[in-house]
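# Summary of structural features
Listed here are the chains, written in short residue letters.
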Amino acid sequence: MKTKWLLLFVGLAGFAVLPWGLGVYHQHILIVSLFYVMMAASWNLLAGYTGQVSFGHAAFAGIGAYASGILAAKAGINPWLGVAAGTLLAAIFGFLVGVLCLKLGGIYLSLTTLAFSEILHIVINNEYEITRGTMGLQVPGLLSEYSKLGYFYIFLCAALLTLLVVHRLIHANMGLNFRAVQNDERAAASLGVDVVRVRVLAFTVSSALAGMAGALYGHYLLLITPHIPSLDQQFLVLSMTVIGGLGSFVGPIIGAFCLEILSEYIRVYGEYHVLAFGVVALIVARFAPKGLVGISKSVWERRRQAALPAVPVTDNGKGGARRGVT
Amino acid sequence: MKKRWVFAVLMAAVVGIALGSVPVQAADTVKIGVVGPRTGGAAATGKAFEEGIQLATTYVNANGGVLGKDLEVVFEDTAGAPDKAASGFERLVTRDGVAMVLGESHSSAALAEIEVANRLKVPFVVVEAWADPITAKNYRYVFRAGPSNSGVVNDTIAKWVVHEGFKKAYIVAENTDWGLGIAELSKAALKSAGVPYESLVTERKSQDHYTELAKIKAFDPDVVLAFVYGTGLHYFVAQAGEIGLTPKAVVLDGAGPPSLWPDFWTNVGDYGNLECFVSSMHEKVELTPLATAFREAYVEAFGHAPTDYKSRSIYDAILIAADAINRAGTTDAEKVVDALESTELLVTRGTARFGTEKGGPEYHHWMPPMLVIQWQDKEQVVLYPPEAATGKLKR
Amino acid sequence: MLALSITNGLVIGIIYALTALGVSLVVGIMNVINFAHGEFYILAGYFSFLFAHTLGLDPMVAMVLSVGAVFVFGVVVEYTLIRPTYGDELYSLILTFILSIVLQSAYLLIFGPYPNKPPNWVKGATDLFGLFMYGNQRLAALFAGIAVIALFFAMLKLTWFGRMIRAASQDREMAELNGINTRRLNMLSFGLGCALAAAAGVILSPVFPVTPTAGVPVALTAFVCVVLGGMGSMWGCVVGGLILGLVENLGAAYVSTGYKHVFMFVILILVLLVRPSGLFGRSET
């Protein structure tokens with residue numbers, strides 16, 4: 001147990017000093033990866049742990065980004081306060097959507113979140129006088145002096161915060177309820193788990209985290225566009241989670257880093273990364289639904305099994321009903 | 001078991017392809033970046049840019065190259081989206097190490113890019129993004145070797161409307177920085193010219209314009225100034241014909257390239273006849289010997305005459321960039337900017353000279369002459385300016 | 001203006017209905033929502049363009065071949081991708097969503113970003129009721145759409161296959177017990193659902209040329225139609241489609257062109273809140 005924590009600490013420390021040895025371009029990749037870690041982890045909370053496949057996750061990031069951006073750009077509010085406001089607003093909308101989707105399951109929930117996402121997209125585009133729509137809203141940064149390293153540490157802290165929140169929710173008392181709800185709702189309900197409360201809580205928290213991620217991202221890019229709350233972004237987040245491992249804790253982290261780094265490689269050849277990820281995600285979803293985490297787990301398991309000594313088949317008369325007919 | 005095998009093989013293949021080939025180390029060259037829409041709704045412009053880049057690179061390298069080395073152009077896709085534009089611009093500078101960046105044909109993308117150029121202190125010569133604020137912001141590192149909205153409206157479109165004696169006008173603008181900007185300027189120009197007008201805003205990607213066209217037809221204008229840079233324009237023209245708005249009213253494509261894209265006639269059919277558009281290139285209006293040389297080189301390389309004027313625009317920009325770096329004697333940004341400011345170079349559209357007056361869009365701006373052209377039986381006929389006209393407006 | 005909007009609404013509405021029928025069929029039989037439904041519509045448009053332009057076939061032949069090709073493609077997709085998702089709603093949602101994006105990117109790569117327009121069957125415009133000019137191709141689309149829908153309902157009522165579909169969508173277990181090969185039925189139904197989308201695609205693509213991403217709003221509208229009309233109800237789709245088409249066009253004309261598509265989503269949310277089973281649907285037990 002202790003070795004696990006030590007490894008984790010060393011790994012984290014190593015990662016924290018990594019950008020010092022990298023160029024500006026690679027630092028940027030790390031920052032974007034951390035953004036996706038936040039998005040994927042919070043989406044995973046919703047879809048992987050409570051079984052609510054929401055297609056509106058990117059929309060909540062958009063709410064956070066635009067709320068913060070508009071406050072900063074039009075009302076001159078400090079971006080840090082803006083981020084807090086954005087997170088709060090996203091949480092409120094998440095709560096509302098969660099309540100709206102109470103009685104809906106599966107397909108209906110996905111459709112409603114998709115509808116929510118599209119409505120937001122259209123509103124952003126149409127109200128271009130406030131949001132500047134597709135033209136993009138220019139916003140001030142979080143740091144008065146632009147520094148990639150500075151942003152890296154901001155995102156690192158935010159990502160750790162996100163992961164911590166998700167971890168607590170899953171592993172605390174509430175968390176067992178989360179998993180119970182996902183596996184069998186009726187059984188969970190019969191055991192007294194407040195299904196409704198779990199679902200709405202998941203929606204609210206997950207949306208708040210997405211809102212925070214979106215707001216931070218907007219102030220990093222210094223430009224907020226309707227791309228943030230777009231179906232393309234939703235797809236990226238979804239495929240990162242699916243490929244990494246839906247329903248596992250580390251899955252989204254692995255998926256986010258792998259896909260973001262891979263997309264930069266592929267970009268040299270052209271904008272094929274969406275197609276490439278889509279194909280990989282399709283293959284993974286079809287043949288290995290537990291993602292990379294699931295695969296590595298099963299490889300690990302088989303190695304362990306192979307290492308165990310063969311159990312001799314003895315029978316001390318405890319064969320039971322199988323032996324012979326009486 | 002079988003599932004795992006299939007999966008493993010497929011994954012290995014994909015990962016292998018993705019990571020397998022390492023980008024080849026480039027030879028010793030001077031790199032310049034180009035930003036533009038290689039994908040997206042205006043990908044035809046990206047194609048035009050590619051052609052111009054090819055011809056310009058050949059020309060520059062045949063005439064001494066840049067600082068004694070070969071010129072290499074890296075073309076980054078921005079798809080007309082401001083977020084892709086900003087990150088693409090930054091990638092050119094940080095990943096590819098370009099000396100300066102040229103291009104862009106979407107104003108919203110350009111406005112995002114100039115911020116990055118300013119932050120990274122990299123010279124940026126905008127080619128075909130017309131919104132005034134691009135140079136009106138007076139950023140030291142930003143230049144424009146191409147049309148601006150105010151230039152196009154005040155020098156060409158407004159004057160043409162008056163020249164043809166149109167009594168009523170309708171302005172249709174897409175909701176982008178370019179569309180809204182040029183619409184505002186057109187309204188102001190028409191007002192001072194005493195031409196009554198009405199206007200509406202539309203979606204660039206929209207396919208169904210029937211409702212909007214009904215409104216326009218009710219106003220009964222002589223000319224419709226359509227500021228839509230995308231295939232939305234094709235549907236607009238086609239549907240304007242269907243509901244009978246044209247040929248009574250004349251439609252002007254306020255950007256130009258959509259009327260020149262290869263699928264224009266497929267999408268618009270016969271309704272494209274008598275449509276007018278803005279352009280900076282016509283075979284019979286070649287202002288400098290370089291323009292003729294460009295056309296001949298184009299025909300030799302691609303087998304047909306050039307149609308999209310944006311290929312020539314990027315060609316000019318590359319020549320200007322190479323000239324500036326050569327005169328600066330270095331790729332140091334400050335010296336290149338100084339060299340750009342003192343540019344006096346003969347290119348295809350005239351002699352390039354950047355404005356020095358601060359406070360407005362004329363700063364660091366060179367405005368090339370623009371033409372109004374009409375499709376008459378699939379032939380391009382120049383209508384304006386009168387000195388360059390090859391025919392008259394037909395209705 | 002009013003007459004124009006209503007006519008436009010009806011034309012679009014019929015096409016929405018046709019697309020929605022495809023979705024409803026698959027949902028009714030397999031309980032699977034195919035997020036990539038719009039992409040099959042687009043694929044048919046692309047095929048139609050390819051066959052007519054590049055291969056030079058007669059437009060009508062090109063259309064029929066396109067529908068056939070998409071049908072086959074649908075069957076293949078069902079066999080390779082959808083099969084393992086039986087019974088798991090979420091899994092099929094995720095899979096078909098990914099498929100939708102993959103297809104969109106593939107179209108971009110293969111066909112390019114420009115809209116591709118199969119040739120018109122008829123050109124010009126007619127003067128309708130002396131009130132306004134209306135494109136002939138749109139009128140042709142209206143009649144073609146009605147014809148295909150009528151054909152589909154005839155098939156449902158009169159053929160053996162139709163009866164199997166009705167049986168399976170009412171009670172799957174009973175159908176299986178009565179000897180219907182549900183696996184084969186699923187495959188064919190999915191293919192048929194895609195073929196219906198394809199029919200809508202070939203009918204409307206001469207009016208609104210296809211682009212790689214144009215399938216998304218098509219699929220979304222189809223889903224809203226199905227929810228509005230009621231899951232499992234075919235007539236509901238038709239009524240739902242017409243209502244949506246009218247609301248969209250009247251809304252665009254009198255309220256706001258920019259918010260045209262929002263009306264559809266507002267309707268969706270209202271329906272889900274007030275009467276989730278839709279206008280004609282059975283209440284879900």
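The text that follows walks through the structure, step by step, so that each part is easy to find. It should be emphasised that the depicted structure is a prediction, and the values quoted were computed from it without experimental measurement. (Residues numbered from 1 in each chain as written. Chains lettered and ligands numbered in written order. Predicted model: local features only at pLDDT ≥ 70, side-chain atom pairs only at ≥ 80, totals over all residues. Heavy atoms only, no water.)

### Observations concerning the overall build of chain C
In terms of regular secondary structure, chain C is built from eleven helices and two strands. Along chain C, helices and strands appear, N-terminal first, in the series α-α-α-α-β-β-α-α-α-α-α-α-α. Taken over C-alpha atoms, the radius of gyration comes to 18 Å for chain C, in line with the 19 Å a tight globule of 285 residues would show. Its C-alpha atoms put chain C at 60 × 45 × 35 Å along the principal axes. Each of the 285 residues in chain C was classed as buried or not, and the buried ones make up 61%. Across chain C, contacts joining residues at least 24 apart in sequence account for 76% of those joining residues at least 6 apart. Accessible surface, chain C as shown: approximately 11000 Å² in total, 69% of it carbon and sulfur. Where the 13 positive side-chain charges of chain C centre and where its 11 negative ones centre are 7 Å apart. (Helix = DSSP H or I, 4+ residues; strand = E, 2+ residues; numbered from the N terminus. Rg over C-alpha atoms; globule rule 2.2 N^0.38 Å. Buried < 20%, exposed > 50% of the residue type's maximum accessible area, 1.4 Å probe, protein only. Contact = heavy atoms within 4.5 Å. Areas by Shrake-Rupley, 256 points an atom, 1.4 Å probe, with all protein chains shown as cover. Lys, Arg positive; Asp, Glu negative; His and termini not counted. Charge placed at Lys NZ, Arg CZ, Asp CG, Glu CD.)

### Overview of the interface of chain C and chain A
Counting from both sides, the interface comprises 35 residues of chain C and, opposite them, 35 residues of chain A. Summed over both sides, the interface between chain C and chain A buries roughly 3400 Å², with carbon and sulfur atoms accounting for 85% of that surface. In this assembly, chain C and chain A are joined by zero salt bridges. Our count for the contact surface shared by chain C and chain A stands at one residue pair in polar contact (both at pLDDT 80 or more). Ranked by residue count, the leading element in the side of chain C that touches chain A is helix α4 (residues 89–111) of chain C, at 14 residues. (Buried area = accessible area lost by both parts, 1.4 Å probe. Salt bridge = Lys/Arg side-chain N within 4 Å of Asp/Glu carboxyl O. Polar contact = N/O pair within 3.5 Å; in protein donor to acceptor, adjacent residues only side chain to side chain.)

### What about a nonpolar patch on the surface?
On the surface, Leu88(A), Leu89(A), Ile92(A), Phe93(A), Phe95(A), Leu96(A) and Val99(A) cluster together into a nonpolar patch covering about 600 Å² of accessible area. In this structure, Val99(A) sits in helix α4 (residues 79–100). (Patch = residues over 30% accessible without salt bridge, like charges linked within 9 Å, V, L, I, M, F, W, Y side chains within 5 Å.)

### Observations concerning the packing of helix α11 (residues 231–245) of chain A against helix α12 (residues 251–267) of chain A
Residue and element names in this part refer to chain A. Packing of α11 against α12 brings their axes to within 7 Å, and their N-to-C directions diverge by 115°. Considering how the two elements wind past one another, α11 and α12 form a crossing that is right-handed. Facing Ser239, Met240, Thr241, Ile243, Gly244 and Gly245 of α11, the residues of α12 in contact are Gly251, Pro252, Gly255, Ala256, Leu259 and Glu260. (Axes fitted to C-alpha atoms, helices over the stretch in contact; angles between N-to-C directions. Left-handed = near helix turned anticlockwise from the far one by under 90°.)

### Quick word on the packing of aromatic side chains
Residues and elements named next belong to chain C. As enumerated under the stated definition, the model contains 40 aromatic pairs over all chains in all. Taken together, a centroid distance of 6.0 Å and an interplanar angle of 85° make the contact between Phe35 and Phe97 edge-to-face. Placement of the pair is Phe35 in the loop between α1 (2–30) and α2 (37–54) and Phe97 in helix α4, with a sequence separation of 62 residues. Taking relative accessible area as the criterion, Phe35 reaches 6% and is therefore assigned buried. (Phe/Tyr/Trp six-rings, centres within 6.5 Å; stacked < 30°, edge-to-face > 60°.)

### As for the sheet that holds strand β3 (residues 101–103) of chain B
Residue and element names in this part refer to chain B. Pairing within the open sheet is parallel, and its six strands lie in the order β2-β1-β3-β4-β5-β13. Two strands bound the open sheet, and with one partner strand each, they are β2 (70–77) and β13 (365–366). As paired strands, strand β5 (residues 142–145) and β13 are joined by two bridges and run parallel to one another. Each bridged residue has a counterpart across the sheet, and for Ala145 the counterpart in β13 is Trp366. (Pairing = 2+ DSSP bridges.)

### Concerning the pairing of strand β10 (residues 276–279) of chain B
Residue and element names in this part refer to chain B. With burial as the criterion, each face of β10 is covered, one bearing Cys276 and Val278 and the other bearing Phe277 and Ser279. With two bridges joining them, strand β9 (residues 250–253) and β10 adopt parallel strand pairing. Paired with Asp253 across the strands is Phe277, a residue of β10. Pairing between β10 and strand β14 (residues 371–376): four bridges, direction antiparallel. By the bridge assignment, Cys276 is partnered in β14 with Gln374.

### Looking at the interface of chain C and chain B
At the junction of the two partners, chain C supplies 22 residues and chain B supplies 19 residues. Roughly 1900 Å² of surface becomes buried between chain C and chain B when both sides are summed, with 58% attributable to carbon and sulfur atoms. For Asp208(B), the salt bridge is made with Arg138(C), and the minimal N-O distance between the two is 3.3 Å. For the pair chain C and chain B, the interface holds two residue pairs in polar contact (both at pLDDT 80 or more). Those elements that provide at least two residues to the side of chain C that touches chain B are α1, β2 (132–135) and α10 (234–254) of chain C. Its residues placed into classes, the side of chain C that touches chain B shows twelve nonpolar, seven polar and three charged. (Nonpolar A, V, L, I, M, F, W, Y, C, P; charged D, E, K, R; others polar.)

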